[in-house]
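Close look at the chain arrangement
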Amino acid sequence: MPTVPSKPSGPSENEIHQDRRTAESFGSDAERYDRARPRYPQAMVDRIVAACPGTGPGILDVGCGTGIAARQFQAAGCRVLGVEPDARMADIARRHGLEVDVAAFEAWAPAGRRFDAVVAAQAWHWIDPLAGAAKAARVLRPGGLLAAFWNAFHLSDDVAEAFSTAYQRVAPGSPFALQAMKRPMDGYQALSTKAADGIRTVGAFTGPEQWRFEWDWTYTKEAWLDQLPTFGPLTRLAPEQMAEMQADFGAAIDAVGGDFTMHYTTIAVTAALR
C-alpha cells in the first residue's frame, strides 16, 4: 500500500479552507447538488468500514453536505452523524433521515461522543488541515480511522479541450484551464498531500496512506449540464454566464454523440489513530 510522500507541501498564500465564499456557496442550490453530484465507489466504502475497530461502526461525516456519502455508509450498516456548516445542505441530509449538527468542524462540540471513523467526502480541503486532524484525533476511538477522499475526474482530450475553451471564454481566469482538465490528478494530489501534512504534523496517527479506486460513469448531456452549476469555481457565476457555458458544453457533448464516459479516480488519504 503506497504511503503519501513525507515531504511537506509547504504553506500557500491562498489556503483553500480560507475561501469561505466558495465553501459556503454550494447550499445556494442544495437540491441540485444532492441530485447531480457523483457518488463514491462501493469498494472504498467497504474498505473504510472494514478498517474500523467496531462492528456496525459509528461514523462522523465531516462536511457531510446533503449526505451523499453518509447515506452510502448507512447502507453499509454504519451509524452516521454528519457535521455540516451550511444549514441549507444539512436540511437536505435530514430529509434523507440523517442526523446532522450544523457547525464548522473546527468549532464543533462533540459533547463526549466518540467514533470509529471520521470521514470527509470532497470536503477536507475546506477544513484547516492541522485543526481538523487534531479534532479528529480527539473524537476517534483507539484504532479509529480518519479518511478524507475526493473524486478526481478524467476527460478525453477532445472533450477536455472543448470544455476548457468554454470555461475560459465565459469565465476567464477559471482554474479549469486545459492543462488542469488534462491533468486533474495534479490538483487532487496537492489536496491529498496537504491533508497528509496535517495528519503527520499532529502526530497522533499512523501512516498516512493513500488509497485509489478507479471507476467509470457515463453521463448524458442533461446529467452533466445539471451537475455543472455545482462546481465550486462556478457556483457564483451570473445566470446568463451559466446559461452560456451550458450551451457551449451541450454543443461539445452533442459533437461526441450526446453522451460521454467519465473516468474517475477516487483518492482517499487514510490514517489510524495510534
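Before reading further, recall that the structure is shown in the block above.
The structure reproduced in this document is the subject of the present report. (Residues numbered from 1 in each chain as written. Predicted model: local features only at pLDDT ≥ 70, side-chain atom pairs only at ≥ 80, totals over all residues. Heavy atoms only, no water.)

Describing the packing of helix 7 (residues 157-170) against helix 11 (residues 239-255)
A pair of packed helices is captured by two measures, namely the crossing angle of their axes and the spacing between those axes. Packing of helix 7 against helix 11 leaves a shortest axis separation of 9 Å and a crossing angle of 160 degrees. In terms of orientation, helix 7 lies roughly antiparallel with respect to helix 11. In the crossing of helix 7 with helix 11, the sense of the turn from one axis to the other is right-handed. Along the contact surface, helix 7 presents Ala-162, Phe-163, Ala-166, Tyr-167, Arg-169 and Val-170, while helix 11 presents Gln-241, Glu-244, Met-245, Asp-248, Phe-249, Ala-252 and Ile-253. Here the residues of the contact of helix 7 with helix 11 sort into nine nonpolar, one polar and three charged. (Axes fitted to C-alpha atoms, helices over the stretch in contact; angles between N-to-C directions. Helix = DSSP H or I, 4+ residues; strand = E, 2+ residues; numbered from the N terminus. Parallel < 35°, antiparallel > 145°, perpendicular 65-115°, else oblique. Left-handed = near helix turned anticlockwise from the far one by under 90°. Contact = heavy atoms within 4.5 Å. Nonpolar A, V, L, I, M, F, W, Y, C, P; charged D, E, K, R; others polar.)

A look at the side chain of Asp-86
Relative to the helices and strands, Asp-86 is located in the loop between strand 2 (79-84) and helix 5 (87-95). For Asp-86, a relative accessible area of 9% corresponds to the buried category. Polar contacts involving the side chain of Asp-86 include one to the side chain of Arg-88, which spans 2.8 Å. (Buried < 20%, exposed > 50% of the residue type's maximum accessible area, 1.4 Å probe, protein only. Polar contact = N/O pair within 3.5 Å; in protein donor to acceptor, adjacent residues only side chain to side chain.)

So, unusual backbone geometry
The phi torsion of most residues other than glycine is negative, and most of the peptide bonds are trans. Omega for the bond connecting Gly-207 with Pro-208 falls within 30 degrees of zero, at 5 degrees, which places this linkage in the cis form. Tracing the sequence through the fold places Pro-208 in the loop between helix 9 (184-202) and strand 6 (209-220). With a phi angle near 55 degrees, Ala-111 is a residue other than glycine that sits in the positive phi range. Mapped onto the elements of the fold, Ala-111 is located in the loop between strand 3 (99-102) and strand 4 (115-121). The phi dihedral of Gln-122 falls on the positive side, at around 60 degrees, and the residue is not glycine. With respect to the element layout, Gln-122 can be found in the loop between strand 4 and helix 6 (129-139). In this structure Gln-122 comes out as buried when scored by relative accessible area, which is 14%.

Topic: the pairing of strand 4
The element strand 4 is extensively covered by neighbouring structure, given that seven of its seven residues are classed as buried. Between strand 4 and its parallel partner strand 5 (residues 140-154), the chain crosses via helix 6, and the hand of that crossover is right-handed. (Right-handed = clockwise from strand over helix to strand, strands pointing away.)

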